[in-house]
Amino acid sequence: MTPSPAPCTSTSKADVIFILDFPESIGIKNWRKQLQFVADMTKQFTIGPAALRFGVVINNFSPLKLFDLNSYTLSSEQALVSTMLMSSLKYTDKALNFVQTQKMFSPISGGRDSAPDIVVLITEGTSNSVGNTISAAKNLKSSGVSIITVGVGGNLAVDVLQTLASSRADVVVASSFDTLGSVQRKLVDLICSKASN
């Protein structure tokens with residue numbers, strides 16, 4: 001039996017970018033639940049230049065950077081919960097590529113050489129282009145980025161989530177947006193297990 005990861009300490013350090021899947025099909029209520037889940041989860045960590053940092057990308061045909069790793073040094077909650085609804089489809093490959101092409105883990109965006117790079121992808125379904133999405137994830141992983149996938153709902157291609165993630169253990173599944181809170185501890189533990197101390 002694999003031991004549970006140790007929780008993050010005050011010296012834990014990681015650069016974490018959330019990619020929030022935002023298809024029109026999830027609706028405004030589920031969109032708000034997703035944002036609140038991420039906002040609540042980030043409150044479980046110490047945030048700052050010598051601790052964890054968070055950035056957010058909205059998954060869209062033209063991905064949108066909500067904020068960089070160095071945009072908020074104390075809390076990212078307000079930026080998350082005040083985000084407005086916008087039209088979107090599932091272009092996960094574009095969002096993954098966006099993280100790389102926009103150099104979101106670079107020093108100018110707040111990335112640190114001493115901190116592991118982690119992408120947390122939250123999705124309620126399959127990308128419009130599975131092949132391109134797998135390729136984009138492979139490129140990110142080959143550059144040293146760890147990917148954790150969070151699947152939401154009953155219409156999931158779990159095999160694709162496992163392929164996108166850095167390992168099968170890096171896949172988290174919630175049955176609905178209402179039950180996202182039930183996987184918070186597992187996701188926090190996964191991030192902490194990848195953070196440097």
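Since the structure is predicted, the reported quantities are computational estimates derived from the model, not experimental observations. (Residues numbered from 1 in each chain as written. Predicted model: local features only at pLDDT ≥ 70, side-chain atom pairs only at ≥ 80, totals over all residues. Heavy atoms only, no water.)

Asker: Would you explain the packing of helix α1 (residues 27-42) against helix α6 (residues 184-194) in this entry?
Answerer: Helices that pack against each other are described as a pair by the angle of their axes relative to one another and the distance between those axes. Contact pair α1 / α6: the axes reach a minimum separation of 11 Å and the direction vectors enclose 55°. The angle between α1 and α6 falls in the class oblique. The handedness of the crossing between α1 and α6 comes out as right-handed. Here Phe37, Asp40 and Met41 of α1 come into contact with α6, specifically with Gln184, Leu187, Val188 and Ile191. For the contact of α1 with α6, a count of residues per class yields five nonpolar, one polar and one charged. (Axes fitted to C-alpha atoms, helices over the stretch in contact; angles between N-to-C directions. Helix = DSSP H or I, 4+ residues; strand = E, 2+ residues; numbered from the N terminus. Parallel < 35°, antiparallel > 145°, perpendicular 65-115°, else oblique. Left-handed = near helix turned anticlockwise from the far one by under 90°. Contact = heavy atoms within 4.5 Å. Nonpolar A, V, L, I, M, F, W, Y, C, P; charged D, E, K, R; others polar.)

Asker: Explanation requested: the packing of aromatic side chains in the structure shown.
Answerer: Within a pair of aromatic rings, the relevant descriptors are the distance that separates the centres and the angle that separates the planes. Counting across every chain of the model gives two aromatic pairs. Ring centres 5.9 Å apart and planes at 25° place the aromatic pair Phe18 and Phe54 in the stacked group. With Phe18 in strand β1 (residues 14-21) and Phe54 in strand β2 (residues 52-59), this residue pair connects regions lying 36 residues apart in the sequence. With respect to burial, Phe18 and Phe54 carry one shared label: buried. Ring centres of Phe45 and Phe54 lie 5.5 Å apart, and the angle between their planes is 50°; this geometry places the pair in the tilted category. (Phe/Tyr/Trp six-rings, centres within 6.5 Å; stacked < 30°, edge-to-face > 60°. Buried < 20%, exposed > 50% of the residue type's maximum accessible area, 1.4 Å probe, protein only.)

Asker: What's the story with the pairing of strand β5 (residues 146-152) in this structure? I'm lost.
Answerer: Look at any regular strand and the pattern is simple: side chains alternate between the two faces of the sheet. Of all seven residues in β5, six are buried, a share of seventy percent or more. Relative to β5, strand β4 (residues 117-123) runs parallel, the two sharing six bridges. Within β5, the residue paired with Ile122 across the bridge is Val150. Summarising the sheet, β5 and strand β6 (residues 171-174) pair through four bridges and their orientation is parallel. Counted as the bridge partner of Val152 is Ala174 from β6. Handedness of the crossover joining β5 and β6 through helix α5 (residues 158-164): right-handed. (Pairing = 2+ DSSP bridges. Right-handed = clockwise from strand over helix to strand, strands pointing away.)

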